[in-house]
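Okay, here's what each chain looks like letter by letter:
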Amino acid sequence: MELKKFVKIQAKIQRTLVPGIWVPLLRTPHYWKEEWLVKGMTDQCIQEIVDSVNKQQNNAIGFIYQSFLVTENRVKIACFTPSRWMDIVDIKLMKTEEKSITMAKVSSYSTGVLPLSIPGAAFVNPLLCWFPFYDNKFPEDIWLPTIRKGMDVSISVVSKYRAL
């Protein structure tokens, strides 16, 4: 399943602006954080995350996952619902004292009130940054478990919580 061209353009704008997290406290209902301990070196973990995202490209449900930033210690993923609401998953990796274990600090947040399937949504969402909305538990129930399941390494979830 492919994103329409105007959705791709709006996604680039929206993932840069991310108006859904501009207002503290109003972002709490759609801002989720986790910490993972991942068995493997940082570079191996990066590759596992990217591979996991690539495995999700053609799922039957209509969810789309796209890596859009990959560095030596960070991966950012745009996650789209079938209606084309876009959430961001931001995974930052850090070395631990134990060489074979990597700490992952994971944030997932909704980018705006309106789905990107609506023409002009990327321009209207900043105007609606004050409007409270809920993420329907996509980060904790769909995005992060799917990414973890697609990784071929052992992962322990150390903590899960709604961020302020």
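Everything below is about the structure printed above this text.
To start, this report covers the structure provided alongside it. Owing to the predicted nature of the structure, the values given are computational and were not obtained by experimental measurement.

Considering the pattern of salt bridges
Where charged atoms of side chains with opposite charge meet at close range, the side chains can pair. Tallied over the full model, the rule gives seven salt bridges. Residue Arg74 is joined to Asp90 by a salt bridge in which the shortest nitrogen-to-oxygen separation is 2.5 Å. You can see Arg74 sitting in strand 3 (residues 74-80) and its partner Asp90 sitting in strand 4 (residues 86-95), a full 16 residues away along the chain. Note on Arg74: relative accessible area 24%, which makes it partly exposed. For Asp90, a relative accessible area of 5% corresponds to the buried category. Salt bridges here are not isolated pairs; linked through shared partners, they connect Asp135, Glu140 and Arg162.

Thoughts on empty space enclosed by the protein
Inspection of every chain in the model, using the stated rule, returns one cavity of 30 Å³ or more. Each pocket or cavity is described by its volume, and for the largest cavity that value is around 40 Å³. Along the walls of the largest cavity sit Pro19, Gly20, Val23, Leu26, Arg27, His30, Cys129, Phe131 and Phe133, which together make up its complete lining. Residue composition of the lining of the largest cavity, grouped by class: six nonpolar, two polar and one charged.

Conventions adopted
Residues numbered from 1 in each chain as written. Predicted model: local features only at pLDDT ≥ 70, side-chain atom pairs only at ≥ 80, totals over all residues. Heavy atoms only, no water. Salt bridge = Lys/Arg side-chain N within 4 Å of Asp/Glu carboxyl O. Helix = DSSP H or I, 4+ residues; strand = E, 2+ residues; numbered from the N terminus. Buried < 20%, exposed > 50% of the residue type's maximum accessible area, 1.4 Å probe, protein only. 1 Å grid on protein atoms, 1.4 Å probe; cavity = no way out; pocket = protein on both sides within 12 Å on 5 of 7 lines; lining within 4 Å. Points joined across faces, edges and corners; volume = space filled by probe spheres on them. Nonpolar A, V, L, I, M, F, W, Y, C, P; charged D, E, K, R; others polar.

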